[in-house]
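# Tertiary structure, described
The chain contents come next:
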Amino acid sequence: MLGRVLSPFRLASAGFIVLVATVVILVTRGSDQYLEIPDNAHPLADLVQVPGAKAQEDGGGIYYVDVLLRPASLLESLVSIVRPEGSELIDRTQVVEPGISEQERTQLDLATMKVSQEVASVVALRQLGYRVPIGPAGVRVVAVTAGSHAAGVVRAGDVIVAANGKRVRTRPDLAAVSARLKPGDTIKIVVRRGGKKLTFSIRTIADSQDRKRAIIGVLPIQALHVQLPFPIKFDLRRVGGPSAGLAFALELMEKKGRDVDHGYKVAATGEIQPDGSVSRIGIKQKTIGARKSHVDVFLVPVDGDNARDAKRYAHGLRIIPVKSFQQALQALATLPRKS
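### Focus on the overall build of the chain
Each helix and strand in the chain was counted, giving 7 helices and 24 strands. Over its C-alpha atoms, taken along the principal directions, the chain stretches across nearly 65 × 65 × 30 Å. With 339 residues in all, the chain has 46% of them scored as buried. Once local pairs closer than 6 in sequence are excluded, the contacts in the chain between residues at least 24 apart make up 69%. For the chain, the accessible surface area stands at approximately 17,700 Å², while carbon and sulfur atoms represent 49% of it. Once the 47 positive and 32 negative side-chain charges of the chain are each reduced to a mean point, those two points are 5 Å apart.

Shown next as structure tokens:
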């Protein structure tokens, strides 16, 4: 913890003076607010690996964009001028869902990143003509709630495939079984762990946000069954969330010899679905990051306010709104020849 007592203090920048007549203790986690901070766009060329990858030497490239997220200090929460350029102050509830911890949120973000990589792989390979099956395969446990009866029994990585005698293929399947229970009731679940199926009887607990609702005490995510024709490796380390799906799919096309970028530096963002559609995401800081990285074009979802907000912060960066992976490919193919 960094502690500094400032009373009173004066900050001056570009003629703007802030006077604070109270004692302010500056700490690294001094508020219940977070900062979303623009980060540079990152090239994917060295982060995605496939057998027999083709090297592109045309000066272009596919880039993904992310956002740096950290707790705001008390000073940053009170004084906008000390916040990093382009950052935005948001409430903790917009980052961490009620009832889960920050650690669980991080685990969930990393898990959704892996799902986005699987889906992007399917979409790109299907576009290349491969037959790639994909389907729901149960509910994967991302984390287990401490203090629940599932703790010490169920493990992160387990996949729930049945509950109270009902097959579980999707999250709604599991929710339908849980909805019939009251806190304190026992649920019998079957999980797939490695190559084995294990059965557990677990007493439910009350949801901290709704005391009448029974929960198992696990953080779930949809598990997918995907059969790829060859291994694909992504190396993004601790980057989480689903919004790089569109960029992943474009990079995979490049790796397999398709000239997707046509010599342009292409940043892309958007959660990609198995049918190729692109879903909306947070856009402001990503647009600023793409612009500062001097890419040529930025592909963004057309849904909701994404396209409008991206153009608002583009400041000269070419924004291309797309609703699907196929439309993204078409838009890039029709760009004028790079001079």
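### Observations concerning the packing of aromatic side chains
Applying the stated criterion to the full structure yields 2 aromatic pairs. Judged by centre distance (5.6 Å) and plane angle (80 degrees), the ring pair of Tyr130 and Phe230 falls under edge-to-face. With Tyr130 in the loop between helix H2 (102-127) and strand E11 (134-144) and Phe230 in the loop between strand E18 (218-226) and strand E19 (233-234), this pair connects stretches of sequence that are 100 residues apart. When its relative accessible area of 31% is taken as the criterion, Tyr130 is described as partly exposed. Note on Phe230: relative accessible area 14%, which makes it buried. Centroid distance Phe234 to Phe248: 4.9 Å. Interplanar angle 55 degrees. Geometry classified as tilted. Highlighted residues: Phe234 in strand E19 and Phe248 in helix H4 (residues 245-255), separated in sequence by 14 residues. Take Phe234 and Phe248: they sit in the same class, and that class is buried. When the ring centre of Phe230 is taken as origin, the NZ or CZ atom of Lys256, which lies over that ring, is 4.5 Å away.

### Looking at the confidence of the model for the chain
Summing up the model confidence of the chain, the mean pLDDT is 87 and the portion of residues at 70 or higher is 90%. Of the regions scoring below 50 in pLDDT, residues 1-29 engages in 48 contacts with residues more than four places distant in sequence or in other chains.

### Quick word on helix H7 (residues 325-333)
Counting along an α-helix, one turn takes 3.6 residues, and residues three or four places apart therefore face a common direction. Among the residues of H7, those classed as buried are Phe325, Ala328, Leu329, Ala331 and Leu332. Projected onto a plane normal to the axis of H7, the buried residues spread over an arc of 165 degrees and lie on a single side.

### Observations concerning the packing of H2 against H4
Where H2 contacts H4, the two axes come as close as 8 Å, and the packing angle between them is 40 degrees. Overall, the two elements H2 and H4 adopt an arrangement that is oblique. Once H2 is placed against H4, the crossing between them reads as right-handed. Contacts between H2 and H4 pair Met113, Ser116, Gln117, Ala120, Ser121, Ala124 and Gln127 from the former with Gly245, Phe248, Ala249, Leu252 and Met253 from the latter. Residue composition of the contact of H2 with H4, grouped by class: 7 nonpolar, 5 polar and no charged.

### Quick look at the nonpolar core
Leu44, Leu236, Leu246, Leu250, Leu299 and Phe325 are the most contacted members of the largest nonpolar core, which has 45 residues in total. Within the residue set of this core, elements represented by two or more residues are strand E8 (61-64), H2, H4, strand E20 (265-268), strand E23 (297-301), strand E24 (318-322) and H7.

### A word on the sheet that holds strand E10 (residues 88-91)
As summarised here, the arrangement of the 3 strands in space is E9-E5-E10, forming an open sheet in which the pairing is antiparallel. Single-partner strands in this sheet number two, and they are strand E9 (67-71) and E10. Each adjacent strand pair in this sheet contributes to an overall mean axis angle of 30 degrees, direction not counted. Where strand E5 (residues 33-38) lies against E10, 4 bridges are found, and the strand directions are antiparallel. What sits directly across from Leu35, in E10, is Leu89.

### Overview of the sheet that holds strand E6 (residues 42-43)
Pairing is mixed across the open sheet formed by 5 strands, whose spatial order is E6-E8-E20-E23-E24. A single partner strand is all that each edge strand has here, and the edge strands are E6 and E24. Across 4 bridges, the pairing between E8 and E20 is parallel. Within the sheet, the bridge partner assigned to Ile62 lies in E20 and is Val266. Taken strand by strand, H4 contacts E8, E20, E23 and E24, and its axis lies near 160 degrees from that of E8.

### Quick notes on unusual backbone geometry
Despite not being glycine, Asn164 shows a phi value in the positive range, around 50 degrees. In this structure, Asn164 sits in the loop between strand E12 (159-163) and strand E13 (166-167). One non-glycine residue, His294, lies in the positive phi region at around 60 degrees. With respect to the secondary-structure elements, His294 resides in the loop between helix H5 (284-292) and E23. Classification of His294 as exposed rests on a relative accessible area of 63%.

Cut-offs used in this document
- Residues numbered from 1 in each chain as written.
- Predicted model: local features only at pLDDT ≥ 70, side-chain atom pairs only at ≥ 80, totals over all residues.
- Heavy atoms only, no water.
- Helix = DSSP H or I, 4+ residues; strand = E, 2+ residues; numbered from the N terminus.
- Buried < 20%, exposed > 50% of the residue type's maximum accessible area, 1.4 Å probe, protein only.
- Contact = heavy atoms within 4.5 Å.
- Areas by Shrake-Rupley, 256 points an atom, 1.4 Å probe, with all protein chains shown as cover.
- Lys, Arg positive; Asp, Glu negative; His and termini not counted.
- Charge placed at Lys NZ, Arg CZ, Asp CG, Glu CD.
- Phe/Tyr/Trp six-rings, centres within 6.5 Å; stacked < 30°, edge-to-face > 60°.
- Lys NZ or Arg CZ within 6 Å of the ring centre and 35° of its normal.
- pLDDT = per-residue confidence, 0-100.
- Arc of directions from axis to C-beta.
- Axes fitted to C-alpha atoms, helices over the stretch in contact; angles between N-to-C directions.
- Parallel < 35°, antiparallel > 145°, perpendicular 65-115°, else oblique.
- Left-handed = near helix turned anticlockwise from the far one by under 90°.
- Nonpolar A, V, L, I, M, F, W, Y, C, P; charged D, E, K, R; others polar.
- Core = buried A, V, L, I, M, F, W, Y, C linked by side-chain atoms within 4.5 Å.
- Pairing = 2+ DSSP bridges.

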